[in-house]
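Observations on the model geometry
One letter stands for each residue in the lines below.
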Amino acid sequence: MLEINHIDVFYGDVQVIFDISLTVEKGEVVSIIGGNGAGKSTLLRTISGLMQPASGKIRFTGKSIHNRPPEEIVEMGVVHVPEGRRLFSLMTVKDNLIVGAYTKRAGAAMTQTLKEVYELLPRLAERENQIAMTLSGGEQQMVAIGRGLMAKPELLMLDEPSLGLAPILIRDIFETVRKIADLGVTVLLVEQDVKHSLSLSDRGYVLEHGRVAMTGQAKDLMNDPHVKEAYLGM
């Protein structure tokens, strides 16, 4: 479904992604793990068209997307839920969700998709008329994920969905990601909570200093001595 071939990415004169290649197959949950500054968020921003690779290619369902603007990439079914939620803080929960359905294909199904999002995330239905800034951190993250689902993604990219949340809320977030995957949505997950992310993933990539340091089945990475020491504190 997603093919990344030998991309290099720069911030100005500073290179932050070095010759990265990876794939995500339809129906998979794939985790990208690594420490701060490893290039994880930059990689998602590049896939979603917010940044352009200096070299290399990105293809989605066989079509090149590395030279397309972000709105076209969303229309094709690649949806990015960014780190930090990025909600419209003075708008209601419902209005934040509806914003996610701005593309032509998503807008046509907006009413039905909103119903499905409320079924998946019933707390949002209870809070639909509440102003986003008054929600808890976990509820705001649910709104961000729900807004992404409103765009009718084929590939949903989640950037640090558990960041800053209490442990009990982190569990809820990952349960939601599992439910989304069970609905048939392919998921690319960037996450520093390595234990939770690999536990629900099929495969994983370890990024270090802007390069792919390791890749493999999630269960194998969980048992790898380097991953245990560097990311699981074992």
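Residues numbered from 1 in each chain as written. Predicted model: local features only at pLDDT ≥ 70, side-chain atom pairs only at ≥ 80, totals over all residues. Heavy atoms only, no water.

**Examining the sheet that holds strand β8 (residues 186–190)**
Operational definition: Paired strands, as defined in this entry, are two strands with at least two bridges between them according to DSSP. Helix numbers and strand numbers start at the N terminus; a helix is a DSSP run of H or I with at least 4 residues, a strand a run of E with at least 2. Interaxial angles span 0 to 180 degrees and are taken between N-to-C directions of axes, which are lines fitted to C-alpha atoms, for helices over the stretch in contact. Here, residues are in contact when the closest pair of their heavy atoms is within 4.5 Å.
Ordered in space as β6-β7-β8-β3-β9-β10, the six strands form an open sheet in which the pairing is mixed. Looking at strand neighbours, the two that pair on one side only are β6 (78–81) and β10 (211–217), the edges of this open sheet. Between one strand and the next, the sheet's axes are offset by a mean angle of 15 degrees, whatever the strand orientation. Bridge count for strand β3 (residues 29–33) against strand β9 (residues 203–208) is four bridges, and the pairing is parallel. Among the inter-strand pairings, Val30 is bridged to a residue of β9, identified as Arg203. Along the sheet, helix α7 (residues 137–150) makes contact with β6 and β7 (155–159), crossing β6 at roughly 170 degrees.

**Describing the environment of Leu120**
The residue Leu120 is located in helix α5 (residues 110–120) in this model. Linking Leu120 and Leu183, residues 63 residues apart in sequence, is a C-alpha distance of 10.0 Å. With near-sequence residues (within four places) excluded, Leu120 lies in contact with Leu149, Lys179, Ile180 and Leu183.

**Concerning the packing of α5 against α7**
Counted only if it meets this: What makes a crossing left-handed is the near helix being turned counterclockwise from the far one by less than a right angle; a clockwise turn instead makes it right-handed. Three classes are used: nonpolar for Ala, Val, Leu, Ile, Met, Phe, Trp, Tyr, Cys and Pro, charged for Asp, Glu, Lys and Arg, and polar for all others, with Gly counted as polar.
As a packed pair, α5 and α7 sit with axes 9 Å apart at the nearest point and diverge in direction by 145 degrees. Relative to α7, α5 is oriented so that their crossing is right-handed. Here α5 contributes Met110, Thr113, Leu114, Val117 and Leu120 to the contact with α7, which in turn contributes Gly146, Leu149 and Met150. Its residues assigned to classes, the contact of α5 with α7 comprises six nonpolar, two polar and no charged.

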